[in-house]
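Structural features, examined
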Amino acid sequence: MMNNIALRRPLPQWLKTDNGSEFAGKMLDRWVYERGLRIDFSPPGTPTDNATVESFNGRLRQECLNVNWFMSLEDAWCKIEAWRIHYNQSRPHSALGWMTPSKFA
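One structure accompanies this document, and this report is about it. What you see is a predicted model; the values in this text were computed from it and never measured. (Residues numbered from 1 in each chain as written. Predicted model: local features only at pLDDT ≥ 70, side-chain atom pairs only at ≥ 80, totals over all residues. Heavy atoms only, no water.)

1. Some remarks on the environment of Phe-56
The residue Phe-56 is located in helix α3 (residues 51-65) in this model. Of the residues examined, Phe-56 reaches a relative accessible area of 30% and is grouped as partly exposed. Distance from Phe-56 to Tyr-87, taken between C-alpha atoms, is 9.8 Å for residues 31 residues apart in sequence. If sequence neighbours within four positions are ignored, Phe-56 has contacts with Trp-83 and Tyr-87. (Helix = DSSP H or I, 4+ residues; strand = E, 2+ residues; numbered from the N terminus. Buried < 20%, exposed > 50% of the residue type's maximum accessible area, 1.4 Å probe, protein only. Contact = heavy atoms within 4.5 Å.)

2. Comments concerning the side chain of Asp-75
Note that Asp-75 resides in helix α4 (residues 73-90). Once you skip the residues sitting within four places of it in the chain, Asp-75 turns out to touch Trp-69 and Phe-70.

3. Description of the nonpolar core
Membership of the largest hydrophobic core is limited to six residues, which are Leu-15, Leu-28, Trp-31, Val-32, Leu-37 and Ile-39. For this core, the leading source of residues is helix α2 (residues 26-34), giving three residues. Not counting the four nearest positions on each side in its chain, Ile-39 is found in contact with Trp-14, Leu-15, Thr-17, Leu-28, Asp-29 and Val-32. (Core = buried A, V, L, I, M, F, W, Y, C linked by side-chain atoms within 4.5 Å.)

4. Some remarks on the environment of Lys-79
Examined against the element boundaries, Lys-79 turns out to sit in helix α4. In this structure Lys-79 comes out as partly exposed when scored by relative accessible area, which is 27%. Setting aside anything within four residues of it in sequence, one finds Lys-79 in contact with Cys-64, Asn-68, Trp-69 and Phe-70.

5. Examining the pairing of strand β1 (residues 14-17)
Only one face of β1 is buried: it carries Leu-15 and Thr-17, and the other face, with Trp-14 and Lys-16, is open. Relative to strand β2 (residues 38-41), β1 is paired through four bridges, and the arrangement is parallel. Residue Lys-16 lies in a different strand from β2, and its bridge partner there is Asp-40. (Pairing = 2+ DSSP bridges.)

6. Considering the pattern of salt bridges
For the structure shown, the criterion picks out five salt bridges. Taking the shortest distance from any N to any O, the salt bridge between Arg-35 and Glu-34 comes out at 3.6 Å. Overall, Arg-35 belongs to the partly exposed group, its relative accessible area being 30%. Between Arg-59 and Glu-63 there is a salt bridge, and its shortest N-O distance comes to 3.4 Å. You can see Arg-59 and its partner Glu-63 sitting in helix α3, four residues apart, about one turn around the helix. The exposure class assigned to Arg-59 is partly exposed, which follows from its relative accessible area of 24%. (Salt bridge = Lys/Arg side-chain N within 4 Å of Asp/Glu carboxyl O.)

7. Here's the deal with the packing of aromatic side chains
Counted under the stated rule, the structure contains three aromatic pairs. Both rings, one in Phe-56 and one in Trp-83, keep their centres 5.7 Å apart while their planes meet at 55°; by these two values the pair is tilted. Taken together, the residues Phe-56 in helix α3 and Trp-83 in helix α4 connect sequence positions 27 residues apart. The interplanar angle of 25° and the centroid separation of 4.8 Å between the aromatic rings of Trp-83 and Tyr-87 together place this pair among those described as stacked. Here Trp-83 and its partner Tyr-87 are both found in helix α4, four residues apart, which amounts to about one turn of the helix. The class of Trp-83 is buried, set by a relative accessible area of 9%. Taken together, the ring pairs in this structure connect Phe-56, Trp-83 and Tyr-87 into an aromatic cluster. (Phe/Tyr/Trp six-rings, centres within 6.5 Å; stacked < 30°, edge-to-face > 60°.)

Here it is in structure tokens:
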């Protein structure tokens, strides 16, 4: 999957990640090494290092992963993509919530 992304956009010099199991494996280490990249792990217990990503991860879990049953990998791709499009294009974001008319009524 990361190879497909790397074909469409330039690679960063650094990957900033937490210490989750998905980012602590030999395959990722090799992939990063082969491309001359570096990994910057957040110290354990510091989710505030990247609050935007932590907020996104929480919303993805709450609004998509916890409410869907995935029957196959293709089904997961379709449902997550539909959620991504809704998240990025349709739904109002919490940062804009202060502008809603109900706040002024």
